[in-house]
Amino acid sequence: MGGTAVESGRLDVDLASVLRAAHVAARGKRRSPDVAAFLLDIECHALQLVRELRAGTWRPSAPRGFFIREPKLRLISALPFRDRVVQHLLIAATLPAIERSFAPQSYACRKGYGTHRCLRVAAELMRRHRYVLRLDVAKFFPSVDHAVVRRLLHPRTPSPWWPVTERIIDAPAHVEPTRFYFPGDDLFAPLTRPHGLPIGNLCSQIWANLVLTPVDHLLASPLGLGTFVRYCDDLLVFDDDAGRLIAAWEAVVRRCETLRLRLHPTKCRLHRTSERVAFVGFVLQRRGDAVRVALKTENVRRFRRRMGTLQALYVVGAVDIDEVASRIRAWLAHARHGHTRALCERVLGELAFSHSFEP
């Protein structure tokens, strides 16, 4: 997405680029009142954003905070739509430079590097190696240090966009509180050092992926362990030498400390690949020369629960059959990336949608 230029260090954004960013940000969300109101008078709202960005007067608005409980309890910070448009503009201007720093083993929030491709690569590495080291960062998004984000973003951000970047980093957000200490910290460091990326906006996803790139490059070189995959903060490292993986674990702990991140105390573990290992919603296990890829039990349980809710909505006419079919197809498309044919047939056989409850 083009449409921005640098003139004497000034941010020069044109109307066409804002309109494109608005349409991209609106995908799949046009029924939202906030989005619909913006699109109803899109040129007027876009022109106002152009004026604010050019004059340097744009400021983030207050987000709306709420909790979700699936797949686990999380605090979400939802931005007003106009702020999401600005984030799409910023990412379009900075993503090429950010992408160049990503390792090929990093799969989160990248075009062509989605969940299912990551799963296929993990399964192939599982088939070829005897051991797998699973690493997970504790409270990843809430604990990301703002100074670390700034250090990584600064050389990858065009100077006219830097004030916008800083305002987004410093903007008030709904973030789960964390209190981690690192070497050299005083008693008040967790309170005085700004930290935390809000879950639920585009910049947080891209920036969080960038924050862990030093770990990727550590594994690939100098440790020479390019046999890994990372999806956001969930990391699998493969090798035939258990001692080498334990040494890598220790090195990653030290590197994470320099990034002011802490590995999860119970989720990190060295496995044989013949054991069951959970990753990106599936469970992988090597069996001889093959790898079984099963769907996590929690995923099936959540789907059944959602279908129960959808059935109730369908009975009262709150959703139509096309919406029901779309939800089912989406789950099947995900589930079928594993060895789940019998499971899918069994779950589909349980579904029954009608306009009235049976007595």
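Here's a quick rundown of the structure. (Residues numbered from 1 in each chain as written. Predicted model: local features only at pLDDT ≥ 70, side-chain atom pairs only at ≥ 80, totals over all residues. Heavy atoms only, no water.)

## Considerations on the overall build of the chain
- Along the chain, the regular secondary structure elements total 15 helices and eleven strands.
- Relative to the compact-globule value of 21 Å for 359 residues, the chain shows a C-alpha radius of gyration of 23 Å, a close match.
- In terms of its C-alpha atoms, the chain occupies a principal-axis envelope of roughly 65 × 65 × 40 Å.
- Looking at the chain as a whole, 45% of its 359 residues qualify as buried. (Helix = DSSP H or I, 4+ residues; strand = E, 2+ residues; numbered from the N terminus. Rg over C-alpha atoms; globule rule 2.2 N^0.38 Å. Buried < 20%, exposed > 50% of the residue type's maximum accessible area, 1.4 Å probe, protein only.)

## A look at the side chain of aspartate 239
- With respect to the helices and strands, the residue aspartate 239 is situated in strand S7 (residues 234–239).
- Within polar-contact distance, the side chain of aspartate 239 engages the backbone nitrogen of aspartate 241 at 2.9 Å.
- In this structure the side chain of aspartate 239 is engaged in a polar contact, spanning 3.2 Å, whose partner is the side chain of arginine 244.
- Residue contacts for aspartate 239: discarding those within four places in its chain leaves His129, Arg130, Tyr131, Leu225, Arg244 and Leu245. (Polar contact = N/O pair within 3.5 Å; in protein donor to acceptor, adjacent residues only side chain to side chain. Contact = heavy atoms within 4.5 Å.)

## A few points about the packing of aromatic side chains
- For the structure shown, the criterion picks out four aromatic pairs.
- For the ring pair phenylalanine 38 and phenylalanine 81, a centre distance of 5.0 Å and an interplane angle of 75 degrees mean the geometry is edge-to-face. Residue phenylalanine 38 is located in helix H2 (residues 33–40), and its partner phenylalanine 81 is located in helix H4 (residues 81–101); the two are separated by 43 residues in the primary sequence. Each of the two residues, phenylalanine 38 as well as phenylalanine 81, counts as buried.
- Consider the rings of tyrosine 107 and tyrosine 113, whose centres lie 5.4 Å apart with planes at 50 degrees: the pair is tilted.
- Sitting over the ring of phenylalanine 182, arginine 262 keeps its end group 5.0 Å from the ring centre. (Phe/Tyr/Trp six-rings, centres within 6.5 Å; stacked < 30°, edge-to-face > 60°. Lys NZ or Arg CZ within 6 Å of the ring centre and 35° of its normal.)

## Some points on the packing of helix H13 (residues 297–315) against helix H15 (residues 341–350)
- For the pair H13 and H15, the least separation of the axes is 11 Å and the interaxial angle reads 20 degrees. The angle between H13 and H15 places the two elements in the roughly parallel class. Here the hand of the crossing between H13 and H15 comes out right-handed. Listed contacts from H15 to Val300, Phe303 and Arg304 of H13 are Leu343, Arg346, Val347 and Glu350.
- Residue composition of the contact of H13 with H15, by class: four nonpolar, no polar and three charged. (Axes fitted to C-alpha atoms, helices over the stretch in contact; angles between N-to-C directions. Parallel < 35°, antiparallel > 145°, perpendicular 65-115°, else oblique. Left-handed = near helix turned anticlockwise from the far one by under 90°. Nonpolar A, V, L, I, M, F, W, Y, C, P; charged D, E, K, R; others polar.)

## Focus: the pairing of strand S5 (residues 131–136)
- With six of six residues buried, S5 is to be regarded as a mostly interior element.
- The two faces of S5 match: Tyr131, Leu133 and Leu135 on one face and Val132, Arg134 and Asp136 on the other face are all buried.
- Judged from the six bridges that link them, S5 and S7 form a sheet pairing that is antiparallel. Following the sheet pairing, arginine 134 is matched in S7 by leucine 236.
- Two strands pair when backbone bridges link them, and S5 and strand S8 (residues 269–272) are joined in this way by four bridges, in the antiparallel orientation. Paired with leucine 133 across the strands is leucine 270, a residue of S8. (Pairing = 2+ DSSP bridges.)

## Concerning the sheet that holds strand S6 (residues 228–231)
- Pairing is antiparallel in the open sheet, where four strands are placed in the order S6-S7-S5-S8. Two strands close off the open sheet at either side, each with one partner strand: S6 and S8. Looking at each pair of strands side by side, their axes are set apart by 20 degrees on average, direction ignored.
- Against the sheet, helix H11 (residues 213–220) contacts S6 and S7, and its axis sits at roughly 175 degrees relative to S6.

## Details of the nonpolar core
- Core analysis: the largest hydrophobic core is formed by 68 residues, its most contacted members being Val85, Phe140, Trp207 and Leu261.
- For this core, the element with the highest residue contribution is H4, accounting for seven residues.
- Residues in contact with valine 85, not counting those within four places in the same chain, are Val18, Ala21, Ala22, Ala25, Phe38 and Leu49.
- In terms of nonpolar packing, the next biggest core, distinct from the first, is built from 33 residues, Cys118, Ala122, Met307 and Leu332 among them. (Core = buried A, V, L, I, M, F, W, Y, C linked by side-chain atoms within 4.5 Å.)

## Describing H11
- Taking burial as the measure, the eight residues of H11 include six buried ones, the bulk of the element.
- Buried within H11 we find Thr213, Pro214, Val215, Asp216, Leu218 and Leu219.
- Buried residues belonging to H11 abut H4, helix H10 (202–211), S6, S7 and helix H12 (242–258).

## Describing the environment of isoleucine 98
- Relative to the elements of secondary structure, isoleucine 98 occurs in helix H4.
- Overall, the relative accessible area of 0% leaves isoleucine 98 in the buried class.
- Setting aside chain neighbours within four positions, we find isoleucine 98 in contact with Leu153, Arg156, Ile206 and Leu210.

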